[in-house]
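Now for the letters of each chain:
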Amino acid sequence: MRLTASLLGATALCAATAAHAIDFEVSHWWTSGGEANAVAKIAEAWEATGNTWVDGAIAGSGDTARPIMISRILGGDPMDAFQFNHGRQAEEMIQAGLLLDLTDVAEEQGWRDIVNPPSLLDACTYEGRIYCAPINIHSWQWMWLNNSVYEELGLPVPTNWDEFVDTADEVRAAGKVPLAMGGQSWQSQGAFSVMAVALAGRDAWMAVYGDKNAEVAAGPEFARVFEAAAAARELSRGSNVQDWNQATNMVITGEAAAQIMGDWAQGEFAMAGMVAGEDYTCLPGLGVNALISTGGDAFYFPRQDDPEVTAAQKQFAAMLLSPEVQVSFNLAKGSLPVRGDVDLAAANDCMRKGLEILAQGNTIPDGNMLLTPDTTQQLNDLISEFWATDMSAADAQARFAEIIASAD
Amino acid sequence: MDGPRGPRPRRILSRGNIMLYGTLIVVAIYYLLPLWVMVMTSLKGMPEIRMGNIFAPPVEITFEPWVKAWAEACTGLNCDGLSRGFWNSVRILVPSVALSIAVASVSGYALSMWRFRGSETFFAILLIGAFIPYQVMLYPIVILLREIGLYGSLWGLVIVHTIFGMPINTLLFRNWFAAIPEELFKAARVDGAGFWGIFLRVLVPMSLPIFTVSAIIQVTGIWNDFLFGVVYTTPANYPMTVQLNNIVNSVQGVKEYNVNMAATLLTGLVPLIVYFASGKLFVRGIAAGAVKG
Amino acid sequence: MAVTDQAAASPVRGASAAPLRRPMRLFRNLSAKIATLPMILTATVIFVGCTGWTVVHSFTSSRLLPRLDFVGLDQYDRLWSTPKWYVAIQNLAVFGVLSLIFSLVIGFVLAALLDRKVRGEDVFRTIFLYPFALSFVVTGLVWQWLLNPELGIQGVVRDLGWTSFTFDPLYNRDLVIYGLLIAALWQGTGLVMCIMLAGLRSVDDEIWKAARVDGIPTWKTYTHVIIPMMRPVFVTALVLIASGIVKVYDLVVAMTQGGPGGASEVPAKYVMDAMFGAQNLGQGFAASTMMLLSVVIILIPWAYLEFGGRRRG
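Keep in mind that what you see is a predicted model, and the values were worked out from it rather than measured.

Engineer: Describe the interface of chain A and chain B, with residues and values.
Structural biologist: With 29 residues of chain A in contact, the opposing surface of chain B contributes 26 residues. Contributions of two or more residues to the side of chain A that touches chain B are made by helix H2 (33–47), strand S2 (52–57), helix H3 (61–74), helix H13 (244–253) and helix H14 (265–271) of chain A. At five residues, the largest contribution of residues to the side of chain A that touches chain B is made by H2 of chain A. Classifying every residue of the side of chain A that touches chain B gives 13 nonpolar, 11 polar and five charged.

This is the structure we're talking about:
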């Protein structure tokens, strides 16, 4: 604790001179059990610097929180820091000059050297200047399985997608849902994208999501993905929940065997006292193609007139990347740290797998960095409709290719 | 105007009467069922909820969910439940209701008794405005409030509530005042009363029912509001519905239905009490305000 | 509603405006004008101004922030080629027509029942009206809970032994809109009933007596005499219900979030999704302009008739 305090003190000194305590308002939508636990770590570290954390949590995902954040910024009475998925979402606010330029902090702290993979910092960079502080790496490409479900059936726990599909009938026969899936559209779309990376491979995936190549989107690789997705939607019948963590909870309680969800699901397993590798298994890239995307959360700072606030904002940004906060926050959140030089001794089995893949450089950019929110929304609508109806794989693929063709 | 006027049923146990009361009771059950389920669920523990019948009364009554909803449920890092927002809601409610009723009653009065060129047109625009989804006006109003320097303050929110309560309330007041006999108005004029004199000394004292209706509509609407409360203020002033939203929408593992229901009931308590307490006045006010004119 | 034909509903109010207007033209009207200034400002600045602002921005390519970067009719082209928008309109039409009919019918029948010198009228009335005090978010939550297939009505009936009983409208694409309807009616019919009841109370007792003397059956008295007399009441109720229908959003979000698979999308939700989910303000504004346009097309002739009629009289 003393070490933390002194390190933070040093950080504060070099970032700026924060003369006295500031009521620092932070907006975020981290309200589930694991998430709130993680954000508490940041708050603790911040209050240890003598400042006050004013919590502006809004539940209900980004769609509820976003109008609030944007209104506050447009209205000229912004919060001091806000959580956003980095990527293309914030571009316009930067162009309009509403966000604080963090380049000097980044240079002082040497973010260029410590942030790994560098694409995270690129996502924060606009015309050579840095506008956000990345805090973690979240990857979507995970499948979570409850080991006890398979043990009870006397089956080995699947190690890849095909094995999972092969054993699905037996799971279903035991009265369990093979694949838990929440009703919100982003979940089925995310799972689809994960299947696309795993089954169509990195090149095809990058061609579609990165280069918006509609031909590949309409091609045979993606036809296979849609076929697999059509099979998967049958496996998810019977999961009548909305929220992602309710779906995760189905896996935790053994009502369902597996879920395709990002690594944030791990926070929920941890809160339920389950141990990675023993009670549950994680398969990066569905056990087929061990690639992970490097999206994540970042904090942005609305520009304010008060120099003391600006100083505090910079101090906060520096603190987010400090080794202590990186370790404590990411352990709680189940995400990976943005700097490669911190020691994650306490990391569990799944996080180690993630770190290994990261170290090997088997990464792809996150969908949020490649697609505009507009395109993402269109894909959400399509895939969730596909998931809930009997739309044929071919029809869905045709509409998918159309969306990709018109994406910008 | 107050007594029932329908044809009088003859005997107490006639077939018609059985049909009549039978229908009413069945419908009443449909209306009460959700309230019953809410109350029962809020008094059960989670294990009982998961196995049990949602309509059955609790085997073991627990007030734990109520305590949790009021004082312990977490909103992000603040684990003090709904209590945090209760007083904020009151602080928003009182000035908003007062101001919106004042503005709407005066406007309704002017529209019914002191018409001027164009007053009807403004009123028509106001009514059409009632149909516009207000999410559409979110950003322009943010910009307007910024320009007059009220963005983020409690008064900015009060003004927003006044604006969006105006169509329906102005309408109610206009109709009420229009139904008041003209002689009364003329007599007051002869006594030398002016615009404000007539309003304050003659009309307001005799308009309790319509003020009640307006107050109920405003209390309900403003107390239940989430969007405006969260968009036009800062966390220090967030109303109770923000905590409700956070409790209901942030699932910690399993959905804690009992806490959700307790939180829902606690949040709904203020408008519900206002309703039950106002009783007949509401119907009388509606009768005069919505039907006449 | 205000703007409806007076004579039918109430003989009380004379033409108060016309004769009074002359003596106090400038002076007193000045205080009236000052007093209505907040209303005038709201009507012009907020409702006309902000709506205009929205319409103007619907011709731009605004994304996250409003910007005047005109692109002509692009947003409208896009809107009318989006399947989700058609689903939304269709849902609104089904939901709108059904909830109009059911609210009016149920509201009237309940009011007529209560008007028959019922014992405990106050109790019944309070029971029918209390859901109106609860927000749509709460309404959605409770009904989502009641309609939950495992724990709600379906589960209970199955536990009673009828194992094939299926009632899960929120998870069935074809039924989801009716699931929403059940909840919406529960919340809103009480107010309609109250308005109807007030209307019935204003019917002159002499009319009932006359009908009885003539030997007209009760139901016929209602359909042929009472209901036509209550036209203004129906118009009031209609406008109240309709303005609620156009704006239906909270309920959908609370109950289904538009699902399953976008089967319960409504226009207001399309607008919100476009503006805040897709961060495509221009698209959201185009959709809301279309909503506004349809409202105006319906309302303007009505308003013209009512206001025009009065001036002539």
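Moving on from the model shown.
Engineer: Explain the nonpolar core to me, using residue names and the numbers behind them.
Structural biologist: Ranked by internal contacts, the top residues of the largest apolar core, which has 312 residues, are Trp 144, Met 195, Phe 299 and Tyr 300 of chain A, Ala 263 of chain B together with Met 196 of chain C. The element best represented in this core is helix H10 (residues 176–201) of chain C, accounting for 15 residues.

Engineer: An account of helix H3 (residues 64–72) of chain B is requested, with residue identities and associated values reported.
Structural biologist: Residues and elements named next belong to chain B. Of the residues making up H3, those classed as buried are Pro 65, Lys 68 and Ala 69. All buried residues of H3 project into a common sector of 95° when viewed along the axis, lining one side. Here the buried face of H3 lies against helix H1 (15–42), helix H12 (240–249) and helix H13 (257–278).

Engineer: A description of the interface of chain B and chain C should follow, citing residues and the corresponding values.
Structural biologist: At the junction of the two partners, chain B supplies 81 residues and chain C supplies 93 residues. Of all the elements, H1 of chain B adds the most residues to the side of chain B that touches chain C, at 10 residues. For the side of chain B that touches chain C, the class distribution of residues is 56 nonpolar, 17 polar and eight charged.

Engineer: Lay out the packing of helix H7 (residues 154–178) of chain B against helix H4 (residues 37–57) of chain C in plain terms, naming residues and giving numbers.
Structural biologist: Two numbers describe how H7 of chain B lies on H4 of chain C: the axes approach to 10 Å, and their chain directions differ by 120°. As the angle between them shows, H7 of chain B and H4 of chain C are arranged oblique. Relative to H4 of chain C, the crossing made by H7 of chain B is left-handed. Across the interface between the two elements, Ile 163, Met 166 and Thr 170 of chain B from H7 of chain B touch Met 39, Thr 42 and Ile 46 of chain C from H4 of chain C. Classifying every residue of the contact of H7 of chain B with H4 of chain C by side-chain character gives four nonpolar, two polar and no charged.

Engineer: An account of the sheet that holds strand S8 (residues 177–180) of chain A is needed here, citing residue identities and associated values.
Structural biologist: All names here are of chain A. Taken in spatial order, the four strands make up an open sheet running S8-S9-S7-S10, and their pairing is mixed. The sheet terminates laterally at S8 and strand S10 (280–284), the two strands that pair on one side only. With direction set aside, neighbouring strand axes in the sheet form an average angle of 20°. Pairing geometry for strand S7 (residues 142–146) and strand S9 (residues 256–260), over three bridges, is antiparallel. Within S9, the position partnered with Met 143 by the bridge is Ile 260.

Engineer: I'd love a proper account of the domain arrangement of chain A, names of residues and values included.
Structural biologist: Residue and element names in this part refer to chain A. Domain boundaries in chain A define domain 1 (19–137 + 295–351) and domain 2 (142–293 + 371–406). Each of domain 1 and domain 2 has a C-alpha centre, and these two points are 29 Å apart. Between domain 1 and domain 2, the residue contacts involve 15 residues of the former and 14 residues of the latter. Broken down by secondary-structure element, the contributors of at least two residues to the side of domain 1 that touches domain 2 are H2, helix H16 (323–333) and helix H17 (349–360).

Engineer: Before we move on, can you summarise the confidence of the model for chain C with the specific residues and values?
Structural biologist: Residues and elements named next belong to chain C. A residue-level look at chain C finds 88% of positions with pLDDT of 70 or above and a mean pLDDT of 81. Of the regions scoring below 50 in pLDDT, residues 1–24 engages in 42 contacts with residues more than four places distant in sequence or in other chains. For residues 309–313, every residue scores under 50 in pLDDT, and the model assigns this stretch zero contacts once sequence neighbours within four places are set aside. Prediction confidence for the complex, expressed as pTM and ipTM, is 0.83 and 0.80 respectively.

Calculation notes
Residues numbered from 1 in each chain as written. Chains lettered and ligands numbered in written order. Predicted model: local features only at pLDDT ≥ 70, side-chain atom pairs only at ≥ 80, totals over all residues. Contact = placed C-beta atoms within 7 Å. Helix = DSSP H or I, 4+ residues; strand = E, 2+ residues; numbered from the N terminus. Nonpolar A, V, L, I, M, F, W, Y, C, P; charged D, E, K, R; others polar. Core = buried A, V, L, I, M, F, W, Y, C linked by C-beta atoms within 7 Å. Buried ≥ 20, exposed ≤ 12 C-beta atoms within 10 Å, placed from the backbone. Arc of directions from axis to C-beta. Axes fitted to C-alpha atoms, helices over the stretch in contact; angles between N-to-C directions. Parallel < 35°, antiparallel > 145°, perpendicular 65-115°, else oblique. Left-handed = near helix turned anticlockwise from the far one by under 90°. Pairing = 2+ DSSP bridges. Domains from an automatic or database assignment. pLDDT = per-residue confidence, 0-100.

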